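Notes for the structure review
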Amino acid sequence: DPYHNDPKRHKILKPASVKPFNAEPPSSILVDNFITPNDLFYVRNHLPVPEIDPETYELEIEFEGKTKTVILSLDDIKKFPKHTVTMSIMCAGNRRTEMTKIKAVKGLGWGNAAIGNAQWTGAKLRDVLTAAGYDVDSDEYKHIHFEGLDTDPTSKPYGASIPSWKGVDKRGEVILAYEMNGVPIPRDHGYPIRAIVPGVVGARNVKWLGRIFLSSEESDSHWQQNDYKGFSPSTDWDTVDFTKSPAIQELPVISSICKPIANQTVTVVDGHITVQGYAWSGGGMKIVRVDVTADGGDTWHVATFDGQDSNDPPQHWAWTLWTAKIPIPDGTENVELWAKAVDSNYNTQPESFKNIWNLRGVLSNAYHRVPINLQR
Ligand code: MTE
Ligand code: MO
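Computed from a prediction, not measured in an experiment: that's the story for all the values here.

A separate point is the nonpolar core. Ranked by internal contacts, the top residues of the largest apolar core, which has 57 residues, are Ile61, Phe146, Leu209 and Ile212. Formed jointly, this core draws a minimum of three residues from each of two domains, domain 1 (14-244) and domain 2 (254-375). For Leu209, the contacting residues outside a window of four places in its chain are Tyr57, Leu59, Phe146, Glu147, Gly148, Leu149, Leu176, Ile193 and Ala195. Of all hydrophobic cores here, the second largest spans 23 residues; its members include Val275, Ala279, Ile326 and Leu337.

Encoded structure:
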């Protein structure tokens, strides 16, 4: 069993698959903390968790067309100036099960908790590449590949790439992280080194980083080329052409209601109920507003923010936690809550899943709709 060395996980994580391990916490716990505790952070593994000895760990850095390989130990990476970013990581498939209600999709059945927010500490990729002899202002290579030390049965590693401008940009804050929330990164989340790419889809935040490769081309990995791409709702498995869609990088704006949960019975207090959730946007955009309605959009109530980073866009990497107080007319026995967020570019969420359905069930960011029952 290639999975026999996988780490122990918190019982609260609900597996969507066990081998490889994929699991999310109950969404209600997300709004309890601005920083998601490490053991409650969703896990998305495609392969067995590699067993890595920190003493012998090596990171290889290579440049296309050049023979030299730079090799760094864990201690070498820790010698660079330490940088911390607070940022959310979200899977492109977060909230997929809601999209599935329109029509089946291929992908793990994620609820709305395939997202978490953490403080990541490490060396700036910009500094590491500069030390490796790369002129970060040269634009010499278009793409930076990241390869994990997790491999499939044919020894092919998990891999992805990002545009190089993002990897070396001063404001990009891409780091080679060795700490998650102040402790060494747990095995499930990439021990000992993980590429942290703020504002960019989870899939490019490569865990158990073993190799960095600068190239004129994107990564040719399955996950870059034949997965994590969006398509028209009318594209099916007979017509899909993965070469025609770009790989997902910066994610669109999303929000979700975490409390109450669907079909919960909620007590009306002083004619009101309290609704809590998260909102987040990719590319370093900031959430500027969250609107909630309980009457199908006739009246919208603006949420207050409980947790938000002070960083300005385009370096606003963390999610926003919010609370809305919703008035409930006397006698109402049930309502459907809807939430939508607006980011600092005034982009907002699509109204329904019907028009954004795609065969892989990614980018599932339509209004969250949560039916609840009321009691007094
Ligand atoms: N990195 C490696 N090496 N192997 C993986 O399977 N999964 C990716 C990404 N990095 C993955 C990886 C995906 S799809 C997501 S959503 C995030 O890691 C999940 O990060 P987490 O498990 O720390 O929440
Ligand atoms: Mo993912």
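Counted by the stated rule, this structure contains 12 aromatic pairs. Where Tyr158 meets Trp223, the ring centres are 4.6 Å apart and the plane angle is 35°; that geometry is what we call tilted. Taken together, the residues Tyr158 in strand S9 (residues 157-163) and Trp223 in helix H5 (residues 222-225) connect sequence positions 65 residues apart. On the basis of relative accessible area, Trp223 is assigned to the buried category, the value being 11%. Taken together through their ring pairs, the aromatic side chains of Phe41, Tyr42, Trp110 and Trp120 make up a single cluster. Above the plane of the ring of Phe21 lies Arg9, whose end atom (NZ or CZ) is 4.0 Å from the centre. Seen from the ring of Trp237, Lys106 lies directly overhead, with NZ or CZ sitting 4.1 Å from the centre.

Now for the sheet that holds strand S1 (residues 14-17). If you trace the 3 strands from one edge of the open sheet to the other, you get S1-S2-S3, paired in antiparallel fashion. Strands at the two margins of the open sheet, each flanked by one partner only, are S1 and strand S3 (43-44). In terms of strand pairing, strand S2 (residues 22-24) meets S3 through 2 bridges, oriented antiparallel. In the sheet register, Ala23 faces S3, and the bridge partner there is Val43.

We now examine the sheet that holds strand S20 (residues 320-327). Strand order in this open sheet of 4 strands is S14-S16-S20-S19, and the pairing throughout is antiparallel. With one partner strand each, in any of the chains shown, strand S14 (254-259) and strand S19 (304-307) form the two edges of the open sheet. Across the sheet, the mean angle separating the axes of adjacent strands is 35° when strand polarity is ignored. Here strand S16 (residues 272-280) pairs with S20 via 8 bridges, running antiparallel. Residue pairing for S20: Gly277 is matched across the bridge by Trp322.

Near ligand 1 you find 19 residues, and of these Tyr42, His46, Asp150, His189 and Lys207 are the closest. Take Arg44: an N or O atom from its main chain is 2.9 Å from an oxygen atom of ligand 1. Within the complex, 100% of the 540 Å² of free accessible area of ligand 1 lies under protein. Every element with two or more residues in the shell around ligand 1 is listed here: S3 and strand S8 (143-151).

Along its sequence, the protein is carved into domain 1 (14-244) and domain 2 (254-375). Taking only C-alpha atoms, the centre of domain 1 and the centre of domain 2 are 27 Å apart. Residue-level contacts link 48 residues of domain 1 with 39 residues of domain 2. Surface buried jointly by domain 1 and domain 2 totals about 3700 Å² across both partners, of which 63% is contributed by carbon and sulfur atoms. Here domain 1 is connected to domain 2 by 2 salt bridges. If you look at where domain 1 meets domain 2, you find 22 residue pairs in polar contact (both at pLDDT 80 or more). Among the elements of the structure, strand S6 (82-90), helix H2 (96-100) and strand S7 (115-124) are those that each provide at least two residues to the side of domain 1 that touches domain 2. Residue classes in the side of domain 1 that touches domain 2 are distributed as 18 nonpolar, 17 polar and 13 charged.

Rules and cut-offs
Residues take numbers from 1 onward in each chain, read along the sequence in its written order. Chains carry letters and ligands carry numbers; both start at the beginning, A for chains and 1 for ligands, and go up in the order they are written. Since the coordinates come from a predicted model, pLDDT governs what is reported: local features require at least 70, and pairs of side-chain atoms require 80 or more to be given and counted, while whole-chain, interface and lining totals use all residues. Just so you know, side-chain values use all the structure's heavy atoms and leave hydrogens and water out. Remark: nonpolar core denotes a set of buried residues (Ala, Val, Leu, Ile, Met, Phe, Trp, Tyr, Cys) joined through side-chain atoms within 4.5 Å. Exposure is judged per residue with a 1.4 Å probe applied to protein chains only, and the accessible area is read against the type maximum: over 50% gives exposed, under 20% gives buried, and values in between give partly exposed. Source of the domain bounds: an automatic or database domain assignment. The contact definition used throughout considers only heavy atoms, calling two residues in contact when any of these lie within 4.5 Å. Pairing of aromatic rings covers Phe, Tyr and Trp, the last through its six-membered ring, and needs centres within 6.5 Å; plane angles under 30 degrees mean stacked, over 60 mean edge-to-face, and all others mean tilted. The secondary structure listing takes helices from DSSP runs of H or I that are at least 4 residues long and strands from runs of E that are at least 2 residues long, numbered from the N terminus. Put simply, a charge is over a ring when the Lys NZ or the Arg CZ is close to the ring centre, within 6 Å, and near the line of the ring normal, within 35 degrees. Being paired, for any two strands, means DSSP has found at least two bridges between them. Axes here mean lines fitted to C-alpha atoms, for a helix over just the part in contact, with angles spanning 0 to 180 degrees between N-to-C directions. Residues are classed as near a molecule or strand on a simple rule: at least one heavy atom within 4 Å of it. Pairing of N or O atoms within 3.5 Å defines a polar contact, subject to two protein rules: one partner must be a possible hydrogen donor and the other a possible acceptor, and residues neighboring in sequence count only if both atoms are side-chain atoms. Surface accessibility in these figures is a Shrake-Rupley result with a 1.4 Å probe; residues are shielded only by whichever protein chains are displayed. Once two parts are brought into contact, the accessible area they lose, counted with a 1.4 Å probe and summed over both, makes up the buried area. Put simply, a salt bridge is a Lys or Arg side-chain nitrogen that is within 4 Å of an Asp or Glu carboxyl oxygen. Residue polarity follows a fixed list, in which Ala, Val, Leu, Ile, Met, Phe, Trp, Tyr, Cys and Pro are nonpolar, Asp, Glu, Lys and Arg are charged, and the others, Gly among them, are polar.

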